[in-house]
Amino acid sequence: MTVTRSIVLGCGSYLPERIVTNAELASRIDTSDEWIVQRTGIRQRHIAAEGENTSHLGLKAAQAALANAGVDAQSIDLIILATSTPDNTFPATSVDIQRGLGINHGVAFDLQAVCSGFVFAMATADNFLRSGSHKRALVIGAETFSRILDWEDRTTCVLFGDGAGAVVLEAQQQPGATSDRGILTSHLRSDGRHKAKLYVDGGVSSTQTVGHLRMEGKEVFKHAVGMITDVIYDAFKATGITADDIDWLVPHQANKRIIDASAQKLRIAPQKVVLTVDKHGNTSAASIPLALCDAVADGRIKKGNLILFEAMGGGFTWGSVLLRW
Ligand code: UT7
């Protein structure tokens, strides 16, 4: 008996042109390249131009993913955009992207789980595809965090960047074994008790302003490694797959120290970890598909490889997705 799996047909990404280095930030605020690199691994980030919005970044990533997959936009019947920085309060930014792609059938909606957004969106799309209700999905992570940063606050503004990444998923029949291609398992968690550790101090209903990102970095750091490894152990338990079987860990890119400590705890060798935090900073929901596309484009990720996504962020939310490329 076969099972339906969500197979990745292709991926694409887009970064705004403007690169802001640590040195440029150090010329404006009380920080240094040395501090940022040592504490986070970040060397630069891309920042969207004036008038360049999340929908523009997301559309370019979606077009790149469709081209990479070799499929026509008209074959897409589901679009899920993970973002915490939508163009407007409503309508959903995904609907703008849908229009940009010239699609007016099927369904498009936004999903908000901050830095875990892409993992949540992949798991959601997988459920739609496996249910049989939809056949081919675009899953996008796109963010313009530069718009919600307090550029006077050195404890947060040096950490984030803008960008977008996307994958095309298709429902296909597979034998029903761990050697199947596609998403093998996903595990999502959230716990609202941690809200005050990472949040935006504005919002439609509360302040009628956009607000700025606020974070107790040390507190977030304290929880990150445990939460990340917990949901990865859940993936291992559900499938019988072990850390030794993993070809590539593609983690959310918040801090190199968190990524290194998580990989070390899981006993995943550093050379199996895809790192882009140095070039992109933390791009929230866009960070995993951006890293994924890097490793696919340079030939590191190959057909048949076992890939593990993990993320943790505001809420707190956290999750893992295990898939075979
Ligand atoms: O994606 C969502 C999840 N988010 C995360 O995973 C972020 C998790 N947290 C972190 O990555 C780290 O906690 C940070 C990178 C945010 C901070 O690193 P840390 O090692 O925890 O540093 P800290 O907050 O304890 O600050 C150490 C010192 C402080 O000075 P004092 O109080 O020791 O004198 C800060 O004021 O570093 C100071 N500092 C800075 N110095 C230069 C804080 N930010 C900066 C800065 N430049 N940009």
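Here the structure is shown first, and the text comes after it.
Residues numbered from 1 in each chain as written. Predicted model: local features only at pLDDT ≥ 70, side-chain atom pairs only at ≥ 80, totals over all residues. Heavy atoms only, no water.

We now examine the pairing of strand S7 (residues 162-174). A large share of S7 lies buried, amounting to ten of its 13 residues. As paired strands, strand S1 (residues 3-14) and S7 are joined by eleven bridges and run antiparallel to one another. Paired with glycine 12 across the two strands is alanine 166, which belongs to S7. The sheet contact formed by strand S6 (residues 136-144) and S7 spans nine bridges and is antiparallel. (Buried < 20%, exposed > 50% of the residue type's maximum accessible area, 1.4 Å probe, protein only. Helix = DSSP H or I, 4+ residues; strand = E, 2+ residues; numbered from the N terminus. Pairing = 2+ DSSP bridges.)

Let us look at the side chain of threonine 276. In this fold, threonine 276 is placed in the loop between helix H8 (256-266) and helix H9 (277-280). Look at threonine 276 and you get buried, because its relative accessible area is 0%. In contact with threonine 276, other than residues within four places in its own chain, are Gln253, Gly281, Ala291 and Asp294. (Contact = heavy atoms within 4.5 Å.)

According to the stated counting rule, one finds three aromatic pairs in the structure shown. Above the plane of the ring of tryptophan 248 lies arginine 300, whose end atom (NZ or CZ) is 5.9 Å from the centre. (Phe/Tyr/Trp six-rings, centres within 6.5 Å; stacked < 30°, edge-to-face > 60°. Lys NZ or Arg CZ within 6 Å of the ring centre and 35° of its normal.)

Glancing now at the side chain of threonine 93. Mapped onto the elements, threonine 93 comes out in helix H4 (residues 93-100). For threonine 93, a relative accessible area of 1% puts it in the buried group.

With that settled, the discussion passes to the sheet that holds strand S4 (residues 78-82). The pairing of strands in a sheet happens through backbone hydrogen bonds and is either parallel or antiparallel. Overall, mixed pairing links the five strands, which are arranged S1-S7-S6-S4-S5 in an open sheet. Pairing within the sheet leaves two strands with one partner each, and these edge strands are S1 and strand S5 (107-111). If you compare each strand with its neighbour and ignore which way they point, the axes differ by 20° on average. (Axes fitted to C-alpha atoms, helices over the stretch in contact; angles between N-to-C directions.)

Surrounding the ligand, one finds 23 residues, the nearest of these being Thr31, Arg154, Lys218, Asn255 and Asn282. Taking arginine 39, its side chain carries an N or O atom lying 2.9 Å from an oxygen atom of the ligand. Within the backbone of glycine 217, a nitrogen or oxygen atom sits 3.0 Å from a nitrogen atom of the ligand. Burial of the ligand by the surrounding chains reaches 75%, relative to a free accessible area of 970 Å². One can see that the ligand is located within the second largest pocket. Among the secondary structure elements, those contributing two or more residues to the shell around the ligand are helix H2 (33-40), helix H6 (154-157), helix H7 (217-239) and H8. Ranked by residue count, the leading element in the shell around the ligand is H7, at four residues. Here the shell around the ligand is composed, by residue class, of eleven nonpolar, seven polar and five charged. When residues of the shell around the ligand are assigned to domains, at least three fall in each of domain 1 (3-174) and domain 2 (182-324). (Near = heavy atom within 4 Å. Polar contact = N/O pair within 3.5 Å; in protein donor to acceptor, adjacent residues only side chain to side chain. Areas by Shrake-Rupley, 256 points an atom, 1.4 Å probe, with all protein chains shown as cover. 1 Å grid on protein atoms, 1.4 Å probe; cavity = no way out; pocket = protein on both sides within 12 Å on 5 of 7 lines; lining within 4 Å. Sits in = over half its atoms within 2 Å of the grid points. Nonpolar A, V, L, I, M, F, W, Y, C, P; charged D, E, K, R; others polar. Domains from an automatic or database assignment.)

Direction vectors running N to C along helix H3 (residues 54-69) and H4 enclose 50°, while the axes themselves pass 9 Å from each other. Considering the angle they form, H3 stands oblique to H4. Helix-helix and strand crossings are classified by hand; for H3 and H4 the assignment is right-handed. The segment H3 lies against H4, with Thr54, Ser55, Gly58, Leu59, Ala62 and Gln63 engaging Thr93, Asp96, Ile97 and Gly100. Among the residues forming the contact of H3 with H4, the class breakdown is three nonpolar, six polar and one charged. (Parallel < 35°, antiparallel > 145°, perpendicular 65-115°, else oblique. Left-handed = near helix turned anticlockwise from the far one by under 90°.)

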